[in-house]
Amino acid sequence: MTTINPTNTATPNQIKGWELRQEDTGWGRALAHMLPIYPLIYGSQRNTYTPLLHCILGNFALSVVFAMATPNMPENKQGALNTLLGLAATPLLAKRGIDQARDYAKLKLNK
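Residues numbered from 1 in each chain as written. Predicted model: local features only at pLDDT ≥ 70, side-chain atom pairs only at ≥ 80, totals over all residues. Heavy atoms only, no water.

Student: Where do I start with the environment of Tyr104 in this structure?
Tutor: In this fold, Tyr104 is placed in helix 5 (residues 75–110). Judged by its relative accessible area of 33%, Tyr104 falls in the partly exposed class. (Helix = DSSP H or I, 4+ residues; strand = E, 2+ residues; numbered from the N terminus. Buried < 20%, exposed > 50% of the residue type's maximum accessible area, 1.4 Å probe, protein only.)

Student: What should I look at first to understand the packing of helix 1 (residues 12–21) against helix 5 in this one?
Tutor: Each packed pair of helices is defined by two parameters, the angle between the axes and the distance between the axes. Where helix 1 contacts helix 5, the two axes come as close as 8 Å, and the packing angle between them is 125 degrees. With respect to helix 5, the element helix 1 is oriented oblique. Crossing hand, helix 1 versus helix 5: left-handed. Across from Ile15, Trp18, Glu19 and Arg21 in helix 1, the residues of helix 5 making contact are Ala101, Arg102, Tyr104, Ala105, Lys108 and Leu109. (Axes fitted to C-alpha atoms, helices over the stretch in contact; angles between N-to-C directions. Parallel < 35°, antiparallel > 145°, perpendicular 65-115°, else oblique. Left-handed = near helix turned anticlockwise from the far one by under 90°. Contact = heavy atoms within 4.5 Å.)

Student: So what exactly am I meant to see when it comes to the pattern of salt bridges here?
Tutor: Proximity of charged atoms lets side chains of opposite charge pair with each other. The full count for this structure, using the stated rule, is 3 salt bridges. The closest approach of N and O atoms between Arg46 and Asp24, which form a salt bridge, is 2.7 Å. In this pair, Arg46 sits in helix 3 (residues 38–46) while Asp24 sits in the loop between helix 1 and helix 2 (28–32), placing the two residues 22 residues apart along the sequence. Both residues of the pair, Arg46 and Asp24, belong to the buried class. (Salt bridge = Lys/Arg side-chain N within 4 Å of Asp/Glu carboxyl O.)

Student: Just to check I follow, could you spell out the environment of Ala67 for this structure?
Tutor: Structurally, Ala67 is set in helix 4 (residues 50–69). Of the residues examined, Ala67 reaches a relative accessible area of 36% and is grouped as partly exposed.

Student: Any chance you could explain helix 4 here in plain terms?
Tutor: Because each turn of an α-helix spans 3.6 residues, side chains separated by three or four positions end up pointing in the same direction. Taking 1.5 Å of rise per residue, 20 residues should cover 28 Å, and helix 4 covers 28 Å from first to last C-alpha, within 8% of that figure. Here helix 4 has its buried residues at Pro51, Leu52, Cys55, Gly58, Asn59 and Phe66. Angular distribution of buried residues about the axis of helix 4 spans 140 degrees; they occupy a single face of the element. Away from its buried face by more than 90 degrees, helix 4 exposes Leu57, Phe60, Val65 and Met68. (Expected span 1.5 Å × (residues − 1). Arc of directions from axis to C-beta.)

Student: What should I look at first to understand the confidence of the model for the chain in this one?
Tutor: Note: predicted coordinates in regions of low pLDDT should not be interpreted at a detailed level. Here the chain averages 90 in pLDDT, while 93% of its residues score no lower than 70. Of all helices and strands in the chain, the one with the weakest mean pLDDT is helix 1 (91), whereas helix 2 scores best (96). (pLDDT = per-residue confidence, 0-100.)

Student: I keep staring at a nonpolar patch on the surface and nothing clicks. Help me out?
Tutor: Side chains of Trp27, Leu31, Met34, Leu81, Leu84, Leu87 and Leu92 sit close together on the surface and give an oily, nonpolar patch of about 690 Å² of accessible area. Counting residues per element, the nonpolar patch draws most heavily on helix 5, at 4 residues. One can find Leu92 in helix 5. (Patch = residues over 30% accessible without salt bridge, like charges linked within 9 Å, V, L, I, M, F, W, Y side chains within 5 Å. Areas by Shrake-Rupley, 256 points an atom, 1.4 Å probe, with all protein chains shown as cover.)

Student: What is the right way to read the environment of Glu23 from this model?
Tutor: Relative to the helices and strands, Glu23 is located in the loop between helix 1 and helix 2. In this structure the C-alpha to C-alpha distance between Glu23 and Thr70, which are 47 residues apart in sequence, comes to 40 Å.

Student: Mind showing me how you'd approach unusual backbone geometry here?
Tutor: If a residue is not glycine, its phi is most likely negative; likewise, a peptide bond is most likely trans. Unusually for a residue other than glycine, Asn47 sits at a positive phi of about 55 degrees. Along the polypeptide, Asn47 turns up in the loop between helix 3 and helix 4.

This is the structure in structure tokens:
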């Protein structure tokens, strides 16, 4: 989460977060987003909550689509399958958010 700086200069904390984002090239941090508290820790260290938002909004959208696609399924089965779908999608959504945050940080560091 980047704050607006009226002088258009980055703070040392922002620069450190942008540099840390450049190290996140693999799937390890995306898989770690399945742990309950990790997305908040990741977001505060790197000054971005983009991966967390990708996970929340993406899983919500998948839940809605899955519920609309299977209206006659019993609620307990639908809930269990929805949970499994969310667990499987979380690393993919987090990876997409991490990549988007890395691209933004790379753009800011090159300025």
